[in-house]
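Here are the chains, one letter per residue:
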Protein chains: 2
Amino acid sequence: MSYTVKPRTLSGFMELLPEKQLQFEAVRDVLTRVYSSYGFYPLDTPILEASEVLLAKGGGETEKQIYRFTKGDTDLAMRFDLTVPLAKYVALNYGSLSFPFRRFQIGKVYRGERAQKGRYREFYQADIDIIGDGELSVVNEAEIPAIIYNTFKALGLRRFKIRVNNRKLLSGFFQMLESSLPAQDMMRVIDKLDKIGMEKVAEELQKMGVSQADIDLIGGFITRQGTVAELLAGLEDYRGRNELFDLGLDELGTVTRYLGAFGVPEENFGIDLTIARGLDYYTGTVYETTMLDHPEIGSVCSGGRYDNLAEYYTNKKLPGVGISIGLTRLFYVLDEMGYFNKEAASSNVDVLVLPMTDDLSAAVNFARQMREQGLRAQIYYEGKKFKAKMAYADKIKAPYAAILGEDEIAQNQVALKNMATGEQLSFSYSEAADVLKAAAAEKALLTIINEVDHAE
Amino acid sequence: MSYTVKPRTLSGFMELLPEKQLQFEAVRDVLTRVYSSYGFYPLDTPILEASEVLLAKGGGETEKQIYRFTKGDTDLAMRFDLTVPLAKYVALNYGSLSFPFRRFQIGKVYRGERAQKGRYREFYQADIDIIGDGELSVVNEAEIPAIIYNTFKALGLRRFKIRVNNRKLLSGFFQMLESSLPAQDMMRVIDKLDKIGMEKVAEELQKMGVSQADIDLIGGFITRQGTVAELLAGLEDYRGRNELFDLGLDELGTVTRYLGAFGVPEENFGIDLTIARGLDYYTGTVYETTMLDHPEIGSVCSGGRYDNLAEYYTNKKLPGVGISIGLTRLFYVLDEMGYFNKEAASSNVDVLVLPMTDDLSAAVNFARQMREQGLRAQIYYEGKKFKAKMAYADKIKAPYAAILGEDEIAQNQVALKNMATGEQLSFSYSEAADVLKAAAAEKALLTIINEVDHAE
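The present account deals with the structure reproduced in this document. Predicted model only: the values in this text are computed from it and were never measured.

About the cut-offs
- Residues numbered from 1 in each chain as written.
- Chains lettered and ligands numbered in written order.
- Predicted model: local features only at pLDDT ≥ 70, side-chain atom pairs only at ≥ 80, totals over all residues.
- Axes fitted to C-alpha atoms, helices over the stretch in contact; angles between N-to-C directions.
- Helix = DSSP H or I, 4+ residues; strand = E, 2+ residues; numbered from the N terminus.
- Parallel < 35°, antiparallel > 145°, perpendicular 65-115°, else oblique.
- Left-handed = near helix turned anticlockwise from the far one by under 90°.
- Contact = placed C-beta atoms within 7 Å.
- Nonpolar A, V, L, I, M, F, W, Y, C, P; charged D, E, K, R; others polar.
- Buried ≥ 20, exposed ≤ 12 C-beta atoms within 10 Å, placed from the backbone.
- Right-handed = clockwise from strand over helix to strand, strands pointing away.
- Pairing = 2+ DSSP bridges.

### Comments concerning the packing of helix α6 (residues 167-176) of chain A against helix α11 (residues 243-261) of chain A
Residues and elements named next belong to chain A.
(1) Moving on: Contact pair α6 / α11: the axes reach a minimum separation of 7 Å and the direction vectors enclose 150°. As the angle between them shows, α6 and α11 are arranged roughly antiparallel. Judged by the twist between their axes, the crossing of α6 over α11 is left-handed. Contacts between α6 and α11 involve Lys168, Leu169, Ser171, Gly172, Phe173, Gln175 and Met176 on the former and, on the latter, Leu244, Phe245, Leu247, Gly248, Leu249, Glu251 and Leu252.
(2) Moving on: Counted by class, the contact of α6 with α11 contains 8 nonpolar, 4 polar and 2 charged residues.

Okay, here's the thing in structure tokens:
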């Protein structure tokens, strides 16, 4: 029979070759490990939800992109982020959860965006959120970016900056102006500053009826530069004129002070008064994270404080703070930049076992002992010539091949070939385990990203 | 504003409470660890595929259950298993893969089955497959169930049996009969034996025109009982009458011999001549796995050898062997049976840090040091009374609370309260790390399943 269908993967859907997938898994493992180390629960909500639940908020740009369909009588939609399912989950399980409720979720979400390079229709988001019952300490707003700092550091990233602002501060500032435009409208324009520049922002504000005097004041305010201490000191000049502003300034001071206390160096965080986040959902601290050498890719990790996680599902007040990494896009970008460390997560095995006799019992026995020591050992069972076996070891980038011929078996030994150097030595099984464990431990110290080689 | 939408999760979609999710993740971690230790690549294919690709094989019971819809001009379907996407992947990336290609995938699949207790519409499958290019050694057919044995053992399961058969053996046997019915049709009936019993199987065969003499022969053949050695010896009586039968018998002998060599004790595997697997896809060795104390739940892990993984996508001959765990259903069943070990994976933290002063720096410092030691430490930031803090520690089942009051801080110490015994002692930070690490290491030795307590 001849085949009938041309195999293909949908455009906008990431599907990696085995070696790339190893790198992706290494990234995901780091995120899981760091998030877990801060006591976040893993969460796994369905990819399909009732449309009425998923679209409770309704309207907006997102709705057009949603994968929505009916099956039987049910109107279904695939989740487009992890925040709405979290809101549903917390409202639904309110009585069973302990607050503050800390959860992380690394899962696929779906948006039928226009297909373009580096943009995905199916992509992973990696979210952490801390949700309070009625109230939540502002310190959590400093811990969240500190966790992101530690996550990025554990990945091997160095040249990034977590930029922090506070929407109360911005709102308060806008209330000081003569313009009576709602602060939210202003912030939606300010939020575009990175993309369109100050001149266009000024134009848009003018069209909305903001006076030139106000535009100058706004421009002067949001483009302030300086260290955290300098900016905080400068902002003190406005204190006492607007209550919301003062509250925002207090929060910004607290968050940046704790960020330092949490061990985040100032080269990796700063105050950026231009960050507004378009979403009205956020009510206080907001974050964006930029790759210093690649500002053009925009924020790779964003979030903030919100007052009402689940207002569409419950009357309970559930304030929280969260941040989201667009993992699939980040992975794509890091890969495009050549940031991945080729030495880390480079193979599916620590050793490839090559039996040279018909009797496989030595190979089986050796492999089992290696696995008992926590090593990854694959036996090559195919009856191929030695050359073909070694070619396979090369292709899967096995760091070592363990050769078990008649001589080795007779002496209860194994010949370990270092595939990088070509060196081949005979060992007892337990000596071999030590060699392999030492090599695996050395690899485990490597970060999956090796940014420095490229950026410096 | 009052809420507008009642939060709910679709029926047939598993969504776990945080503590249950910890258990699920622990199960998934064991699978990932064991599969990886045998050199399987992780794989992650899209959940959505083009319908024409996913349904290349067409027809069948499955097609009715599929979540299929159009978006724009594209006819899309959600994957209903992990085998079809694997076939597509291997055909598509044939030139980039190294064969034998070993991959595992733990992912969600979708079937719009009739909703009923313990049956899910969104569920995880956990698959391993080994695929050859043109050929693949029969030894792989023994390694696959050996991996399942080690996986189940690592989970803590003991009372299970991997039942092995060979479709060549069955086909060959059917060819020896006077009936000229295709072996495949016979096997589809035999496959129902577990569910409907021998009497009904006999009735069905009779309806299909099989003679009473043949039915007696079939019944006598498939219901043979005994040890592996006894059954193999008995089957030798038929040798020399049918080539396919002889080949199947050789394979069954090899597979069972290697299963022993791979360290699988005979209490956990056996030959079962009733196993036919309905799917024509399988061509040789077939497996099913039964919980000995709960045969009523059927096979929890099934698979077998196939000759043509991707015949719908390529003319390349890609033989392989694979097995699949219905993970969501297995999790549900184990939970219903009360098999989960309440002591294992019981909390999101190793220690909950309770600052008793306004200055949080000691808590931050202590928690950071604990995380650097690989421990999971959460700081409780909320300004609640001591009693409320301890109640939270209880609710999240923290094994220890680390209390940092003025006295402790003054002495560079921390008070560790063992939440199970109530004992509270003061330690230096490094002593505390040792206590917590010892407790975490003890927990790590526990298997997530504690079958023995219940079954014995």
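After that view of the structure, there is still more to cover.
### Description of the interface of chain B and chain A
(1) Moving on: Taken together, the contact pairs 77 residues of chain B with 77 residues of chain A.
(2) Moving on: No other element matches the 6 residues that helix α1 (residues 18-37) of chain B contributes to the side of chain B that touches chain A.
(3) Moving on: Across the side of chain B that touches chain A, the residue classes tally to 39 nonpolar, 21 polar and 17 charged.

### Remarks on the pairing of strand β12 (residues 351-355) of chain A
Residue and element names in this part refer to chain A.
(1) Moving on: Of all 5 residues making up β12, 5 are buried, and the element is well covered by its neighbours.
(2) Moving on: Across the two faces of β12 the burial is the same, with Val351, Val353 and Pro355 and Leu352 and Leu354 all buried.
(3) Moving on: Handedness of the β-α-β unit built from β12, helix α13 (residues 361-372) and strand β13 (residues 377-379) comes out right-handed.
(4) Moving on: One ladder, built from 4 bridges, connects β12 with strand β14 (residues 400-404); its direction is parallel. When the sheet's bridge partners are listed, Leu354 is paired in β14 with Ile403.

### Some thoughts on the environment of Tyr287 of chain B
Residue and element names in this part refer to chain B.
(1) Moving on: Mapped onto the fold, Tyr287 is located in strand β9 (residues 282-291).
(2) Moving on: Judged by local crowding, Tyr287 falls into the buried class, with 28 C-beta atoms found within 10 Å.
(3) Moving on: Sequence separation between Tyr287 and Ile271 is 16 residues; the distance between their C-alpha atoms is 9.4 Å.
(4) Moving on: When neighbours within four sequence positions are excluded, Tyr287 is seen to be in contact with Pro145, Ile162, Arg163, Val164, Ser302, Gly303, Gly304 and Ile323.

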